[in-house]
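One-letter residues, chain by chain:
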Amino acid sequence: MKEYNYNKSKNNIQNLKNLWILILFYCVAMIFSNWFDIRLIKLPLIGLETDAGTLIFPFTFIISSIITEVYGYKNARWAIWCGLAFNGFGLLFGQLIVQMDSPNYANNQAFDTLIKKNSLIILASTISYLIAEPLNSFLIAKLKIKYSKFIKLRFFSANFISTFIDSAIFSIIAFSFDLRLNELFELFFTMWCIKLFIVFCTLYFTQNIVKHLKTEEKIDIYDKNLKFNIFSLDTLYSQLDNHFKDEKIESIIDDLYLVTIDVNHKELRSIWDLIKIQNYKIFNNFDEFIKTTEFSQNFCLINHTNHTVWCDPRKVDG
């Protein structure tokens, strides 16, 4: 297949209609996992003990991996900061509640104890979150550049490392005061294995979601020249960062090449007339070109807006 000069614009990518939904689900998963972390549970059938939030938290890694793969590290970084902001708001509001006077109901003391204990859980989760989540997105972005075709392997490898770090930091901070060393290690290992199991079981669905989003949004961001600064809030990408290729279009233009012509409108009209004289089939726009099911050996597409010509290379000289 020949190389194409797509003549991409440096304009920023906008109108990403599905990104906000992913960020919303990401934040919800983050908040839910933190509030359920305080409850230790024993899993049925296998009898392993873990905190309840472990069943939800892996989805934050899965969603951030999807965002990084499709929309780039910058947007994943924005999702991470949004999750942290909502989490911090919940923590501060909980502390405000327990400091306020309340009627002498029997359950108030239990609620205050729960909030105070959960504050340590949320703090532990926040620290591990700020290390593991950016690392996960960083690994996804870097592995994509080097191994673009192995999405399942890339996702699992990045999640393997990031969930290990997350589980280790969280277990030590949250439960080291309540559990013996062997119990702490068992809890950490169980949490890590459960997270990996959930990630592994969702790889097929994750791959299909990524494929659908790329096709729907016509976007596939590569962070080739990005400085991975977690403290930056920049989310803008240009079309030069977008490497999306429509399979339908690629199959149609497989034997074509794109000639970019730096000419004025008058010169372009002359080329148009020349092609018409040579009995080339003319398409006024790319949509018309794509919808055509039968092609002659002589055809060209001229775009007056960006001065480009699509041609059959066997029929156009120069």
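The structure presented is a predicted model; accordingly, all values stated were derived computationally and were not measured.

(A) How the structure looks around the overall build of the protein. Scanning the protein from terminus to terminus reveals 10 helices and 6 strands. Across the protein, the fraction of contacts at a sequence separation of at least 24, relative to all contacts at a separation of at least 6, is 74%. For the protein, the accessible area works out to roughly 18400 Å², and carbon and sulfur atoms hold 61% of it.

(B) Representation of the packing of aromatic side chains. Scanning the model with the defined rule gives 18 aromatic pairs in all. Taking the centre distance of 6.2 Å and the plane angle of 40° together, the rings of tryptophan 81 and phenylalanine 231 count as tilted. Here tryptophan 81 is found in helix α3 (residues 73–99), whereas its partner phenylalanine 231 is found in the loop between α7 (203–217) and α8 (247–252), with 150 residues between them in sequence. Taking relative accessible area as the criterion, phenylalanine 231 reaches 64% and is therefore assigned exposed.

(C) Structural view of the packing of helix α5 (residues 151–175) against α7. Their axes nearest at 10 Å, the elements α5 and α7 cross at an angle of 120°. Every pair of crossing elements has a handedness; the one defined by α5 and α7 is right-handed. Residues Ile151, Lys152, Phe155 and Phe156 of α5 form the contact with α7, whose own contacting residues are Leu203, Tyr204, Thr206, Gln207 and Val210. Its residues placed into classes, the contact of α5 with α7 shows 6 nonpolar, 2 polar and 1 charged.

(D) Inspection of the UniProt feature "transmembrane region" (unreviewed entry) in the protein at higher detail. The positions UniProt marks with the feature "transmembrane region" (unreviewed entry) are residues 20–41, 53–71, 78–100, 120–141, 153–175 and 187–205. For residues 78–100, the end-to-end C-alpha separation is 33 Å, with 96% helix and 0% strand making up the annotated structure. Across residues 120–141, helical content stands at 100% and strand content at 0%; the span's end C-alpha atoms are separated by 32 Å.

(E) A look at the side chain of asparagine 87. Tracing the sequence through the fold places asparagine 87 in helix α3. Every residue in contact with asparagine 87, bar those within four places of it in the chain, is listed here: Met30, Asn34, Ile122 and Thr126.

(F) Quick look at the environment of isoleucine 131. Within the secondary structure layout, isoleucine 131 lies in helix α4 (residues 106–146). The sequence separation of isoleucine 131 and isoleucine 165 amounts to 34 residues, and the corresponding C-alpha distance is 7.9 Å. Ignoring anything within four residues of it in the chain, the contact list for isoleucine 131 reads Ile165 and Ile169.

(G) View of the pattern of salt bridges. The full count for this structure, using the stated rule, is 9 salt bridges. The partner of lysine 74 in a salt bridge is aspartate 234, with the nearest N and O atoms 3.0 Å apart. With lysine 74 in helix α3 and aspartate 234 in the loop between α7 and α8, this pair connects stretches of sequence that are 160 residues apart. Across the salt bridge formed by lysine 144 and aspartate 220, the nearest N and O atoms sit 2.5 Å from each other. Remark: aspartate 220 occurs in the loop between α7 and α8 and lysine 144 occurs in helix α4; sequence separation between them is 76 residues. Among the charged side chains, a network of salt bridges with common partners joins Glu69, Lys144, Arg154, Lys214 and Asp220.

(H) Spotlight on the packing of helix α1 (residues 19–36) against helix α2 (residues 58–71). Packing of α1 against α2 brings their axes to within 9 Å, and their N-to-C directions diverge by 160°. With respect to α2, the element α1 is oriented roughly antiparallel. Crossing of α1 against α2: the hand is left-handed. Along its contact with α1, which presents Leu19, Leu22, Ile23, Phe25, Tyr26, Ala29 and Met30, the element α2 presents Thr60, Ile63, Ser64, Ile66, Ile67 and Tyr71. Counted by class, the contact of α1 with α2 contains 11 nonpolar, 2 polar and no charged residues.

(I) Highlighting the environment of leucine 24. For leucine 24, the position within the fold is in helix α1. Separated by 58 residues in sequence, leucine 24 and cysteine 82 place their C-alpha atoms 8.9 Å apart.

(J) Highlighting α1. For α1, which comprises 18 residues, the first-to-last C-alpha distance of 26 Å matches the rise-based estimate of 26 Å (1.5 Å per residue) to within 8%. Regarding α1, the residues found buried are Leu19, Leu22, Ile23, Tyr26, Cys27, Ala29, Met30, Ser33 and Asn34. Buried residues of α1, viewed axially, fall in a sector of 160°; they line one side. With respect to the buried face of α1, the exposed residues turned more than 90 degrees away are Trp20 and Phe25.

(K) Seen up close, the environment of isoleucine 122. By the element assignment, isoleucine 122 lies in helix α4. In this structure the C-alpha to C-alpha distance between isoleucine 122 and isoleucine 31, which are 91 residues apart in sequence, comes to 9.2 Å. Those residues in contact with isoleucine 122 that sit more than four places away from it in its chain are Asn34, Trp35, Asn87 and Leu91.

Scoring rules and cut-offs
- Residues numbered from 1 in each chain as written.
- Predicted model: local features only at pLDDT ≥ 70, side-chain atom pairs only at ≥ 80, totals over all residues.
- Heavy atoms only, no water.
- Helix = DSSP H or I, 4+ residues; strand = E, 2+ residues; numbered from the N terminus.
- Contact = heavy atoms within 4.5 Å.
- Areas by Shrake-Rupley, 256 points an atom, 1.4 Å probe, with all protein chains shown as cover.
- Phe/Tyr/Trp six-rings, centres within 6.5 Å; stacked < 30°, edge-to-face > 60°.
- Buried < 20%, exposed > 50% of the residue type's maximum accessible area, 1.4 Å probe, protein only.
- Axes fitted to C-alpha atoms, helices over the stretch in contact; angles between N-to-C directions.
- Left-handed = near helix turned anticlockwise from the far one by under 90°.
- Nonpolar A, V, L, I, M, F, W, Y, C, P; charged D, E, K, R; others polar.
- UniProt positions renumbered as here; feature names shortened; annotations may be inferred.
- Salt bridge = Lys/Arg side-chain N within 4 Å of Asp/Glu carboxyl O.
- Parallel < 35°, antiparallel > 145°, perpendicular 65-115°, else oblique.
- Expected span 1.5 Å × (residues − 1).
- Arc of directions from axis to C-beta.

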